[in-house]
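Structural overview
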Amino acid sequence: MERVALFPGSFEPFTIGHKAIVDQGLGIFDRIVVGVGGNESKGGFMSVANRVRLIEDIFRDNDRVEARSYGSLTGEFCREMNIRFILRGMRNTVDYEYERGIMLVNQRLYPEITTVLLFTPPEYVAISSSVIRELAHFGKDPRELIPNNIEIKNYL
Ligand code: ADP
């Protein structure tokens, strides 16, 4: 049976750190669905549609990765899509505690879903979507933190 994982997040925007998790995940799963969750933008930086478009462009040449948006609970979206694995990245102990809390609730509500947490490679631990938003806000082009050096201004 094909192993498919959902990699859920806000991805506002998708970073080279997120890509490192997808790349590692492709060693475990046949396909990864990057799920852009929630309709609320953290401060109106990027619309959900543009976040999905950026991820689609990053993985244009990889038919094992697709981007989708969803407005429901992550577990419900997994059931809808028939997905049994949730992939998440962990940078530090703060992420660990946060991810563990979500995992425990999901385990109770969606027992058929297994959460797979991957360690972030050290060169990416300081990278976050919020750092990119901050750089862009002050006029600094954050392209080295976006996969393929993509220019974020085409997605705002
Ligand atoms: P959320 O708002 O749901 O935390 P994010 O878009 O911030 O969504 O992150 C999605 C996932 O990617 C989370 O599991 C997060 O821990 C992980 N992640 C965020 N930044 C990095 C990074 N630099 N390297 C690896 N994983 C990361």
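Residues numbered from 1 in each chain as written. Predicted model: local features only at pLDDT ≥ 70, side-chain atom pairs only at ≥ 80, totals over all residues. Heavy atoms only, no water.

Considering the pairing of strand β4 (residues 85–90)
Of all the 6 residues making up β4, 6 are buried; the element is thus mostly covered by neighbouring parts of the structure. Taking every second residue as pointing to the same face, both faces of β4 are buried, with Phe85, Leu87 and Gly89 on one and Ile86, Arg88 and Met90 on the other. Here strand β1 (residues 4–9) runs beside β4; their pairing, made up of 2 bridges, is parallel. Its bridge partner being in β4, leucine 6 is matched across the sheet by isoleucine 86. (Buried < 20%, exposed > 50% of the residue type's maximum accessible area, 1.4 Å probe, protein only. Helix = DSSP H or I, 4+ residues; strand = E, 2+ residues; numbered from the N terminus. Pairing = 2+ DSSP bridges.)

As for unusual backbone geometry
One can expect most non-glycine residues to show negative phi and most peptide bonds to be in trans. For the bond running from glutamate 12 to proline 13, omega is 0°, close enough to zero to count as cis. Looking at the element boundaries, proline 13 is found in the loop between β1 and α1 (16–25). Despite not being glycine, asparagine 148 shows a phi value in the positive range, around 60°. You can see asparagine 148 is positioned in the segment after α5 (129–137). For asparagine 149, which is not glycine, the phi dihedral falls at a positive 55°. Taking relative accessible area as the criterion, asparagine 149 reaches 46% and is therefore assigned partly exposed.

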